[in-house]
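If you want the building blocks of each chain, they are given just below.
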Amino acid sequence: MPNATLERTASAGHAPATYMPHAQGQAADRRMKEKAPADAPAKMGVRGLDLYYKDFQALKGINLEFPKNQVTALIGPSGCGKSTLLKSLNRMNDLVEGCRVEGEITLDGEDAYRSIDVNSLRRRVGMVFQQPNPFPMSVYDNVAFGPRTHGIKNRADLDEIVEQSLRDAAIWDEMKDRLKKNALGFSGGQQQRLCIARALAVRPEVLLMDEATSALDPISTAKIEDLVGELKSKYTVIMVTHNMLQALRVSDKTAFFLLGEMVEAGATDDIFTAPVDPRTADYVAGRFG
Ligand SMILES: Nc1ncnc2c1ncn2[C@@H]1O[C@H](COP(=O)(O)OP(=O)(O)OP(=O)(O)O)[C@@H](O)[C@H]1O
Ligand SMILES: [Mg+2]
């Protein structure tokens, strides 16, 4: 079925995944972490999504649900539309001239383009990018930036938000005595966790991560992968990754994209061990892309 778009549910009946082409001990251990239930309700959903950059159609008829309190990974070769889809979820594409979106994107069942104010959408759906991009100011001011923009002025309230956000981003212990230091003076891995803290400070419901670890060393990457596993108890996470093992280790659900189409989506174990479409099988086995 070469052109089928498959959105599968539940993984319950499948044997544990065995696809671990380059797995090392630690990766394999973390891989076995308990996954969230497959029948979680959708936090966000995309139906019949077509996206055009002027005449070029970058996304074609995408149907996909992002289960609440789960991690969904978007995978596929360069240029297939992963970042485009991620950015359409919090309307970052509104800023791109000539970009046109057709179809429906929902947050808690509400239309993200017609019913929800764009500022409120971006507060509820936060984003972390590939390159850590802290503002050139102190750690404290970075994290307090969003809450201040939303009108929170009281110092005690800000202190509490800053501490909680840094704790949630697993970087409080490293930063607590250095809150006044310039954020640009930290390592890439620390800066990226600071950016996650900054995104969490406005209390989002969904966190979008676009190759958030690809610029980082393996230890920082492992820290962020562990962190994502913890964040999903409070947030719904949608992540783009080129790292197959990362998708396997971290995500509950995986969607595979090719040339603007979603080829197949389902429980991560199923996508890696029993893909339905031969193109998915080739990609996850590293045969192209
Ligand atoms: N602002 C833009 N204007 C025109 N075309 C764009 C724009 N942004 C992306 N595209 C095109 O849309 C397609 C999808 O791009 P996108 O960045 O979503 O891919 P991707 O899957 O994230 O790739 P990568 O893995 O390299 O990050 C590509 O063909 C790209 O050239
Ligand atoms: Mg991209």
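About the criteria used
Residues numbered from 1 in each chain as written. Chains lettered and ligands numbered in written order. Predicted model: local features only at pLDDT ≥ 70, side-chain atom pairs only at ≥ 80, totals over all residues. Helix = DSSP H or I, 4+ residues; strand = E, 2+ residues; numbered from the N terminus. Buried ≥ 20, exposed ≤ 12 C-beta atoms within 10 Å, placed from the backbone. Contact = placed C-beta atoms within 7 Å. Near = placed C-beta within 6 Å. Nonpolar A, V, L, I, M, F, W, Y, C, P; charged D, E, K, R; others polar. Pairing = 2+ DSSP bridges. Axes fitted to C-alpha atoms, helices over the stretch in contact; angles between N-to-C directions. Left-handed = near helix turned anticlockwise from the far one by under 90°.

Enquirer: So what's going on with the overall build of the chain? Which residues, and what values?
Expert: Across its full length, the chain holds eleven helices and eleven strands. A buried classification covers 42% of the 289 residues belonging to the chain. Pairs at least 24 residues apart make up 71% of the contacts formed inside the chain by residues separated by at least 6 positions.

Enquirer: Which residues make up the site of ligand 1, and what values go with them?
Expert: Taken together, the residues surrounding ligand 1 are Y53, F56, A58, G76, S78, G79, C80, G81, K82, S83, T84 and V96. Elements with a contribution of two residues or more to the shell around ligand 1: β3 (56-67) and α2 (82-89). When the residues that make up the shell around ligand 1 are grouped by side-chain class, the tally is five nonpolar, six polar and one charged.

Enquirer: So, the sheet that holds β3: which residues are in play, and what are the values?
Expert: Here we have four strands laid out as an open sheet, ordered β3-β2-β5-β6, and antiparallel in their pairing. With partners counted over all chains shown, the strands left at the sheet margins are β3 and β6 (110-111), one partner each. Taken together, the two bridges between strand β5 (residues 99-107) and β6 define a ladder with antiparallel strand orientation. By the bridge assignment for β6, L107 is matched with E110.

Enquirer: Account for the packing of helix α4 (residues 139-149) against helix α7 (residues 188-200), naming residues and giving values.
Expert: It is the contact of α4 with α7, at a shortest axis distance of 7 Å, that shows an interaxial angle of 30°. Between α4 and α7 lies a crossing of right-handed hand. On α7, the residues that touch V139, N142, V143, F145 and G146 of α4 are L194, A197 and R198. Here the contact of α4 with α7 is composed, by residue class, of five nonpolar, two polar and one charged.

Enquirer: Explain the environment of F135 residue by residue, including any values.
Expert: Tracing the backbone through its elements, the reader meets F135 in the loop between β7 (125-128) and α4. Residue classification places F135 among the partly exposed positions, given that 14 C-beta atoms sit within 10 Å. With residues near it in sequence (within four places) discarded, F135 still touches N142, F145 and A183.

Enquirer: Let's hear about unusual backbone geometry: which residues, and what values?
Expert: Positive phi is not limited to glycine here, since K54 has a value of about 55°. Among the structural elements, K54 can be located in the loop between β2 (42-53) and β3. Residue class for K54 comes out exposed when judged on the 10 C-beta atoms lying within 10 Å of it. The phi angle at N69 is positive, at roughly 55°, despite the residue not being glycine. Here N69 is to be found in the loop between β3 and β4 (71-75).

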